[in-house]
Amino acid sequence: MKTSGLSLIIYSISMTTAFICSYFMEITMQNAEQYLAIIALIFADGFFGVIAGVKREGFKTYKAVKILKNLLFWIIILTVILGIEASFSGTFWLSETIITPLIIFQLISALKNASMAGFVKIDELNRILDKIDKHKGKRS
């Protein structure tokens, strides 16, 4: 059987694409909990943010689309970090060092949005925030 040049190009592109997709699927499946945690956190923050925004100024489509942009950004960053960790043996600490502070800020944002949406009372939120950094003293 004789194969044409076009068939070889199509086979090569197909094989390369399958390899890249299987690589990313392997990274995703080995770290599914991290991806699910990020997705749940972003959607919770976005959910409370949209409700708070509707109460304040009405529904804004561009602000709701920012949730998807934010989610895509987080997934790309997590994928890059996990790819680096998988490739280099001494970089096991990257995901904890880079992702953890971002997760903490996102959690605080979700708490603030939940408070602004009316799901969390302001006194409870202040109590939670005061426990985060006790070194700053009591709220006046």
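Summarised in this report is the structure supplied together with it. Everything quoted here is computed from the prediction, not taken from an experiment. (Residues numbered from 1 in each chain as written. Predicted model: local features only at pLDDT ≥ 70, side-chain atom pairs only at ≥ 80, totals over all residues. Heavy atoms only, no water.)

Here we come to the overall build of the chain. Within the chain, the regular secondary structure consists of five helices and zero strands. N-terminal to C-terminal, the α/β element order of the chain is α-α-α-α-α. A compact globule built from 140 residues would reach a C-alpha radius of gyration of about 14 Å, whereas the chain, at 22 Å, exceeds it by more than 25%. Summarising its shape, the C-alpha atoms of the chain cover approximately 80 × 40 × 20 Å along the three principal directions. Per-residue burial over the chain gives 23% buried out of 140 residues. (Helix = DSSP H or I, 4+ residues; strand = E, 2+ residues; numbered from the N terminus. Rg over C-alpha atoms; globule rule 2.2 N^0.38 Å. Buried < 20%, exposed > 50% of the residue type's maximum accessible area, 1.4 Å probe, protein only.)

Before going further, it helps to spend a moment on the packing of aromatic side chains. Per the stated rule, a full pass over the model turns up four aromatic pairs. The interplanar angle of 70° and the centroid separation of 5.5 Å between the aromatic rings of Tyr23 and Phe24 together place this pair among those described as edge-to-face. On the accessibility criterion, Tyr23 (34% relative accessible area) is partly exposed. A residue is classified by how much of its surface remains accessible, and Phe24, at 39% relative accessible area, is partly exposed. Counting every residue linked through ring pairs, the aromatic cluster contains Phe47, Phe48 and Phe119. (Phe/Tyr/Trp six-rings, centres within 6.5 Å; stacked < 30°, edge-to-face > 60°.)

So, about the packing of helix α1 (residues 5–30) against helix α2 (residues 32–57). Angle between the axes and distance between the axes are the two parameters that describe a pair of packed helices. Their axes nearest at 4 Å, the elements α1 and α2 cross at an angle of 80°. Taken together, α1 and α2 sit at an angle that is classed as roughly perpendicular. Every residue of α2 that contacts α1 at Ile27, Thr28, Met29 and Gln30 is listed here: Ala32, Glu33 and Tyr35. Across the contact of α1 with α2, the residue classes break down as four nonpolar, two polar and one charged. (Axes fitted to C-alpha atoms, helices over the stretch in contact; angles between N-to-C directions. Parallel < 35°, antiparallel > 145°, perpendicular 65-115°, else oblique. Contact = heavy atoms within 4.5 Å. Nonpolar A, V, L, I, M, F, W, Y, C, P; charged D, E, K, R; others polar.)

Right, let's get into the side chain of Gln106. Position of Gln106 relative to the elements: it lies in helix α4 (residues 94–117). Take Gln106: its relative accessible area is 9%, and that puts it in the buried class. Those residues in contact with Gln106 that lie beyond four places of it in its chain are Leu41, Ile42, Asp45, Asn70 and Trp74.

Moving on to the pattern of salt bridges. This model, assessed by the stated rule, comprises one salt bridge. The partner of Lys63 in a salt bridge is Glu57, and the shortest N-O contact between them spans 2.5 Å. Judged by its relative accessible area of 35%, Lys63 is partly exposed. For Glu57, a relative accessible area of 39% gives the class partly exposed. (Salt bridge = Lys/Arg side-chain N within 4 Å of Asp/Glu carboxyl O.)

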